[in-house]
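# An overview of the molecular structure
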Amino acid sequence: MVGDDNFEGWTSSSRNGDDETQSLVMNPETQSSPAQENCISLLEIEMRRKLKFFFMNPVEKWQAKRRFPYKFLVQVVKIVLVTIQLCLFAHNRYNHVTYTGNNRITFSHLFLKGWDPTREVSSYPPALGPLAIYDKQTFYQTLDYAVVGYANLYNAMGPYSYASEDNHLTPPVLCFFHYKVGDIFPFNESYIFNSDIIESCLNVSITENITDFSSQKYMQMQNYTIAFPALIKADLRFSLKTVNYKNAGPMTPSECYQFDVKILFDNQNMDGQMLLSLDVFPIRLQCIGDIKYIDGNRLDYILRTILNVLVIIVCAISFVLCSRAIIKAQQLKMETVYFFRECYKKELSVEGRFEFWNLWYIMIIINDMLIIIGSTMKEQIEREQFVGDQWNTCSMFLGTGNLLVWFGVLRYLGFFKTYNVVILTLKKACPQVARFLLCAILIYAGFTFCGWLILGPYHLKFRSLASTSECLFSLINGDDMYATFSIMSFKSPLLWWFSRMYLYSFISLYIYVVLSLFISVIMDAYETIKLYYKEGFPKNDVQMFMASCEEEPSSGVFRTSSYINSSGSLKRTVIKFCCWRKPTLTSFVLGRKKSHPSDCTAI
């Protein structure tokens, strides 16, 4: 028998003198014969070869059995296709979002009274306060300004029209949300209140090209009175249509949109400040283009559809191949478990069982599912009308799937010693990092809740729990420290001094202690991996069992092994996939007897 004499006595010679590790026979109560010993020893050799072949990389498997690495080829093709798809989709989505944002700014100038261009630039801290209304007369004037701007849409620089098919003005809808009863008498600290919320809407009947409109008089004519003490919010809604032909050409046709515009008057805080904002909800429509662009539209549509279909097909093939590989791995694990249990009278260790779970394949299966779903949504979006939420959902699936696809490239870099150090270091440090982060997160949560509660009313960066956490995380990375100190309000000297102690202690603890310990955990794992490369990696029972198989992949023994070859038969494949039969050594011996009757005649 070819084996390792140091493998805990798991050889035929060590079993001959030890009753507890005696060789397996057909009946455990019957003494084995020399022919049975010879047959079982040969099966043990082939089991080691089978395990060694299973854990080979694609290059070694090619050398061992000249089997074409089709899974590797599928992954390469998938990376190319999904990357092309993502680049095209990202470009289109960027143009879509930018176009929508620019139109929102245009509508703000056309329909919002008091809009200033400085509000178009995002800055932190904000250069201006919120756009708000503080008296009733300004509320009516703002409403009049929006209605007149909508009625005189032809004055706009952009190619906008009304949402009706004949381009006639569609009356905007003015809706009010207010409490059922909300009478307040501050002079004697009394009120009458009913918390039921009522929605009432009015169709504002106007004509085109009007230059003067009074919403207050119009409401009086409709016998409607606004109860401002009970008013929660109001909004003015209307829709516009436009065509974007910025990128129109032989391969990129024009795009048609409908913009649902909503001007919101927000009075939920009831603090005398009614916030004014404008929001736009884009809907892409099917264009009826000029005759010059019909061929281009058709060609663009066909190419996009072909790309989507190819991505779905390749990801489906990858999904099937990786799922099949995982199923085969679990079948081999069951065979190995029963082989160890019946031959060596011991259970396979947890580390040994975990060796049969290929996390790379699981990650590939996940990204295949995400990309298939995203590509299906993308094809549906490009065929039919869609809204912004569908576009964002599709980008989430495609973006996350592409992220995992590129992570999967690390699997193939791991076949080289130099690049594998990073992966092995992360794998080694993962348990220690998880335990370390658990403690660090608990301390971080304490600082977060404390800062939100105490500093929130007086500090811009601590207004909410999310902004507090983001501020503290930025401080850990040394971002904008001085501004965080200087923004604190001086209204309360006690809180001002507390903020200094709070920030100094947090920054000192996390930058000088927590981060240093975190780096030391990673470095300790890195030094351990370097030591393993010099002195050898620790092995579990499966790896020790395979270590006795010293045949090189190019030796040709893996192409002639009867056990490996027989595992590819149609009958065995049907049994494995359909019946999931638990393999026993009896089946091993019978399979070997059929392949080499001369070795197992006495059984």
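A short tour of the structure in this document, coming up. (Residues numbered from 1 in each chain as written. Predicted model: local features only at pLDDT ≥ 70, side-chain atom pairs only at ≥ 80, totals over all residues. Heavy atoms only, no water.)

### Considerations on a nonpolar patch on the surface
- Nonpolar side chains collect at one region of the surface, where Leu 299, Tyr 301, Ile 302, Leu 303, Ile 306 and Leu 310 lie side by side and expose about 480 Å² of accessible area between them.
- Given a relative accessible area of 41%, Leu 303 falls into the partly exposed group. (Patch = residues over 30% accessible without salt bridge, like charges linked within 9 Å, V, L, I, M, F, W, Y side chains within 5 Å. Areas by Shrake-Rupley, 256 points an atom, 1.4 Å probe, with all protein chains shown as cover. Salt bridge = Lys/Arg side-chain N within 4 Å of Asp/Glu carboxyl O. Buried < 20%, exposed > 50% of the residue type's maximum accessible area, 1.4 Å probe, protein only.)

### Side note on the state of the cysteines
- One pass over the structure, following the stated rule, counts one disulfide.
- Here Cys 175 pairs with Cys 201 through a disulfide, and the sulfurs are 2.1 Å apart. Handedness here is read from the sign of the S-S torsion; for Cys 175 and Cys 201, about 110°, the answer is right-handed. Placement of the pair is Cys 175 in strand E3 (residues 173-185) and Cys 201 in strand E4 (residues 190-203), with a sequence separation of 26 residues.
- Residue class for Cys 175 comes out buried when judged on its relative accessible area of 1%. (Disulfide = S-S within 2.5 Å. Helix = DSSP H or I, 4+ residues; strand = E, 2+ residues; numbered from the N terminus.)

### Description of the environment of Gln 331
- Within the secondary structure, Gln 331 is located in helix H7 (residues 294-343).
- Owing to a relative accessible area of 8%, Gln 331 belongs among the buried residues under this scheme.
- For Gln 331 and Phe 356, which are 25 residues apart along the polypeptide, the C-alpha to C-alpha distance reads 9.4 Å.

### What about the side chain of Lys 378?
- Checked against the element boundaries, Lys 378 lands in helix H9 (residues 359-383).
- Among residues more than four places away in sequence, those in contact with Lys 378 are Gln 85, Phe 89, Asn 308, Cys 394 and Leu 398. (Contact = heavy atoms within 4.5 Å.)

### Considerations on the nonpolar core
- Counting 46 residues, the largest nonpolar core has Phe 111 and Ile 263 as its most contacted members.
- Top element by residues in this core is helix H5 (residues 136-151). It accounts for eight residues.
- Discounting residues that sit within four places of it in the chain, Phe 111 has contacts with Tyr 145, Ala 146, Gly 149, Tyr 150, Leu 153, Phe 238, Leu 240, Ile 263 and Leu 278.
- In this structure, Leu 475, Met 488, Tyr 502 and Val 514 belong to the second largest nonpolar core, which totals 20 residues. (Core = buried A, V, L, I, M, F, W, Y, C linked by side-chain atoms within 4.5 Å.)

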